[in-house]
Amino acid sequence: MKFQEIKNNIYYCGLNDCDRRIFDELIPLEHGTSYNSYLVKGSEKTALIDTMYPPKTTEYLKRLSENQIGKIDYIIANHGEQDHSGSIPALLEKYPNAIVITNPKCAENIRNMLHVPSEKIREISDGEEISLGDKTLKFIFAPGVHWPDTMFTYIKEDNVICTCDFLGAHYTFNDVFAVESEALYKSAKRYYAEIMMPFRMMCKRYTQMIKDMNVDMILPSHGPVHKNPSYILDAYTDWTSDNPKNLVVLPYVSMYNSTKEMIDKLSSDLEKAGIDTFKFDIVDDDLGDLAMALVDAATIIMGTSMVLAGPHPMAVNVAYLAAVLRPKAKFASIIGSYGWGGKLFDVIINMLAPLKLDLIEPIQIKGKPTEDDFKKVDEMAKIIIEKHKSIGLL
Ligand code: FEO
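In this text the structure is predicted, and so the values were computed from the model without any measurement.

**Q** How should the packing of aromatic side chains be read in this particular structure?
**A** Two aromatic rings are characterised by how far apart their centres lie and by the angle between their planes. This structure, assessed with the given rule, holds 12 aromatic pairs. Centre to centre, the rings of Phe166 and Tyr206 are 6.3 Å apart; their planes meet at 70 degrees, and the pair counts as edge-to-face. Remark: Tyr206 occurs in helix α6 (residues 200-213) and Phe166 occurs in the loop between β15 (160-164) and α5 (182-196); sequence separation between them is 40 residues. Residues Phe166 and Tyr236 carry aromatic rings whose centres are separated by 5.3 Å and whose planes lie at 80 degrees to one another, so their mutual orientation is edge-to-face. Highlighted residues: Phe166 in the loop between β15 and α5 and Tyr236 in helix α7 (residues 229-239), separated in sequence by 70 residues. The structure contains a cluster of three or more aromatic residues connected by ring pairs, namely Phe152, Phe166, Tyr185, Tyr192, Tyr206, Tyr236 and Trp239. When the ring centre of Phe177 is taken as reference, the NZ or CZ atom of Lys227 above it lies at 4.2 Å.

**Q** I tried to follow the domain arrangement of the protein chain on my own but got confused; where do I start?
**A** How big an interface is tends to be expressed through the accessible area that disappears when the partners come together. Under the domain assignment used here, the protein chain contains domain 1 (4-239) and domain 2 (248-385). Taken over C-alpha atoms, the centre of domain 1 sits 39 Å from the centre of domain 2. Contact with domain 1, which involves 13 residues of that partner, is made by 14 residues of domain 2. For the pairing of domain 1 and domain 2, the buried interface totals around 1200 Å² over both sides, and the portion due to carbon and sulfur atoms is 63%.

**Q** In this structure, what is going on with the pairing of β15? I would like to understand it.
**A** Looking down a regular strand, the side chains alternate between one sheet face and the other. Most of β15 sits inside the fold, with 5 of its 5 residues counted as buried. Neither face of β15 is open: one carries Val160, Cys162 and Cys164, the other Ile161 and Thr163, and all of them are buried. Inspection of the sheet shows strand β14 (residues 151-155) paired to β15 by 3 bridges, in the antiparallel sense. Along β15, the bridge assignment pairs Ile155 with Val160. Adjacent in sequence and paired antiparallel, β14 and β15 are bridged by 4 residues, among which Asn159 carries a positive phi angle near 55 degrees. Sheet topology note: the β15/strand β16 (residues 217-220) ladder contains 4 bridges and is parallel. Within β16, the position partnered with Cys164 by the bridge is Pro220.

**Q** Got a minute to help me understand the side chain of Asp296 in this structure?
**A** With respect to the element layout, Asp296 can be found in helix α9 (residues 287-296). Of the residues examined, Asp296 reaches a relative accessible area of 9% and is grouped as buried. When residues no more than four places from it in sequence are discounted, the contact partners of Asp296 are Lys189, Pro244, Lys245 and Leu247.

Thresholds applied
Residues numbered from 1 in each chain as written. Predicted model: local features only at pLDDT ≥ 70, side-chain atom pairs only at ≥ 80, totals over all residues. Heavy atoms only, no water. Phe/Tyr/Trp six-rings, centres within 6.5 Å; stacked < 30°, edge-to-face > 60°. Helix = DSSP H or I, 4+ residues; strand = E, 2+ residues; numbered from the N terminus. Lys NZ or Arg CZ within 6 Å of the ring centre and 35° of its normal. Domains from an automatic or database assignment. Contact = heavy atoms within 4.5 Å. Buried area = accessible area lost by both parts, 1.4 Å probe. Buried < 20%, exposed > 50% of the residue type's maximum accessible area, 1.4 Å probe, protein only. Pairing = 2+ DSSP bridges.

As structure tokens, this is what we get:
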């Protein structure tokens, strides 16, 4: 297949991976993903920006041959993670005159992870430029979105920026240019939630930086190219905002429905008061949907049954995930039911501690909820309503 030209001798040479269903052995993929690679043909030199996921290397090299790209002078490694750097050793075999251009942290990573020899790597500094003749590549270090080794490559004359994982989406396509659909928005938000949200403040900073650059296009390493940069930059401005939305997220695991009945009652109370709720069945639902809800939530209320003498392990798993994703939520609590005894809350409270949430008094009941237990849930709802009012959400 012929490479699609993006702009003035800049070509898309990445690949879709429609069958991939999970990323990092953690994140379900609704639409597979793409591994984007960009060929930049200058009047004197040719550069390849980012490469390919190792299992796709053979197909990738075949496509480069089919497109008769000729020589490659520079392989730009914007990031060491192997979905982008994995084909560098094979490329260096096929194009022995090529040299890898990257930053010192990424150089260390590709030496360690791919055994790329030091003599094949040229380390550049932040802001450094290299000339391809009629095109100039400028390297902008962007540590934190999402690895310490991440950098962007700006193609000056064309005013386009390759942002690596930042501003991407796990999404596949036939035409490389973004079609601004609900499906793409959701994929980009899910991707932000799972990959970028732990680095929200850095995302905020680079979003503003790229806005200020007023680029013509954004070329990420996953998902389509944005001809309309404000589409994805405005979305990131919203997602990285310090202000949560009027939303309570309710992840729960309930062995005999007692915990679920209380979660349902709390959700109903809150909805009646004008607060959006998102109930999440920890056993059956997709973790990506929970991560997306956490982008906006002001409050997290966990529901858990007791297993042996502690919270259900799957609830602990979700509390851990919530803590590492570092959402902007302000308030939290726990609801749960037990059969014969134990401590339901301590483990989850400790898990959530890094988020420094304002903790609302938890509710622990024995067995199936009674009218008195539901009154306690009503009281919790009233407290949440007051908390949301206190930060201007109601
Ligand atoms: Fe898409 Fe951090 O790799």
